[in-house]
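Tertiary structure, described
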Amino acid sequence: MTALEKATGDVVLKFEPFVLHVLCQELQDAQLLHSVAIDSGFRNSGITVGRGGKIMMAVRSTHCLEVPLSHKGKLLVSEEYIEFLIHVANRKMEENL
């Protein structure tokens, strides 16, 4: 709260979810891993194939959070709401584990 009170610009609370990049030898390997990731709840997972044929599988969760807290130094939310957001972000971190 002290840091927020001193802020003169915009402040955003941002939590970014777990991401695991796996380099795969074969497309079949990436497809299998993708299926397992989706079935395990990592719904933002995907496969990319680079120009050189490099096959990358990204296992990504959907546990993101991005909330503006202040704008031009003016606090937009209550301390109670910030405590709630911290609780939500910590719960998302536990889900990542």
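Residues numbered from 1 in each chain as written. Predicted model: local features only at pLDDT ≥ 70, side-chain atom pairs only at ≥ 80, totals over all residues. Heavy atoms only, no water.

The name given to the protein in an unreviewed UniProt entry is tRNA wybutosine-synthesizing protein 3 homolog, with Chionis minor as the source organism. UniProt annotates the protein under Pathway (unreviewed entry) with the comment "tRNA modification; wybutosine-tRNA(Phe) biosynthesis." The UniProt entry for the protein carries the following text under Function (unreviewed entry): "Probable S-adenosyl-L-methionine-dependent methyltransferase that acts as a component of the wybutosine biosynthesis pathway. Wybutosine is a hyper modified guanosine with a tricyclic base found at the 3'-position adjacent to the anticodon of eukaryotic phenylalanine tRNA." (UniProt positions renumbered as here; feature names shortened; annotations may be inferred.)

**Remarks on a negative patch on the surface**
The grouping of E5, E79, E80 and E83 at the surface amounts to a negative patch. A per-element tally of the negative patch places helix α3 (residues 79-96) first, with 3 residues. Inspection of the secondary structure puts E5 in helix α1 (residues 2-6). (Patch = residues over 30% accessible without salt bridge, like charges linked within 9 Å, V, L, I, M, F, W, Y side chains within 5 Å. Areas by Shrake-Rupley, 256 points an atom, 1.4 Å probe, with all protein chains shown as cover. Salt bridge = Lys/Arg side-chain N within 4 Å of Asp/Glu carboxyl O. Lys, Arg positive; Asp, Glu negative; His and termini not counted. Charge placed at Lys NZ, Arg CZ, Asp CG, Glu CD. Helix = DSSP H or I, 4+ residues; strand = E, 2+ residues; numbered from the N terminus.)

**Concerning the nonpolar core**
Residues L4, F15, L65, V67, L69, V77, I82, L85, V88 and A89 constitute the largest nonpolar core, which totals 10 residues. When contributions to this core are tallied by element, the ones reaching two or more residues are β5 (65-71) and α3. By residue number, the principal contributor to this core is α3, which donates 4 residues. With 6 residues, the next largest nonpolar core counts C24, A37, M57 and V59 among its residues. (Core = buried A, V, L, I, M, F, W, Y, C linked by side-chain atoms within 4.5 Å. Buried < 20%, exposed > 50% of the residue type's maximum accessible area, 1.4 Å probe, protein only.)

**Some words on a nonpolar patch on the surface**
A cluster of nonpolar side chains, namely L27, I47 and V49, defines an oily patch on the protein surface of about 240 Å² accessible area. Summarising the element assignment, I47 is placed in strand β3 (residues 46-49).

**Observations regarding the side chain of K92**
Examined against the element boundaries, K92 turns out to sit in helix α3. Not counting residues up to four positions away in its chain, the partners in contact with K92 are F15, H63, C64 and L65. (Contact = heavy atoms within 4.5 Å.)

**Concerning the sheet that holds strand β4 (residues 55-60)**
Spatially, the 3 strands line up as an open sheet ordered β2-β4-β3, and their pairing is antiparallel. At either end of the open sheet lies a strand with only one pairing partner, and these are β2 (19-24) and β3. Looking at each pair of strands side by side, their axes are set apart by 20 degrees on average, direction ignored. As judged from the 6 bridges shared by β2 and β4, these two strands associate in the antiparallel manner. Each bridged residue has a counterpart across the sheet, and for C24 the counterpart in β4 is I55. (Pairing = 2+ DSSP bridges. Axes fitted to C-alpha atoms, helices over the stretch in contact; angles between N-to-C directions.)

**Quick notes on α3**
The periodicity of an α-helix, 3.6 residues per turn, causes residues three or four places apart in sequence to face the same way. The terminal C-alpha atoms of α3, which comprises 18 residues, lie 26 Å apart, in line with the 26 Å expected from a rise of 1.5 Å per residue. Every buried residue belonging to α3 is among I82, L85, V88, A89, K92 and N96, and all of these are buried. For α3, the arc enclosing every buried residue in end-on projection is 120 degrees, short of the 170-degree limit, so these residues lie on one face. For α3, the exposed residues set more than 90 degrees away from the buried face come down to E80 and E94. For α3, the secondary structure elements touched by its buried residues are α1, β1 (11-15), β5 and β6 (74-75). (Expected span 1.5 Å × (residues − 1). Arc of directions from axis to C-beta.)

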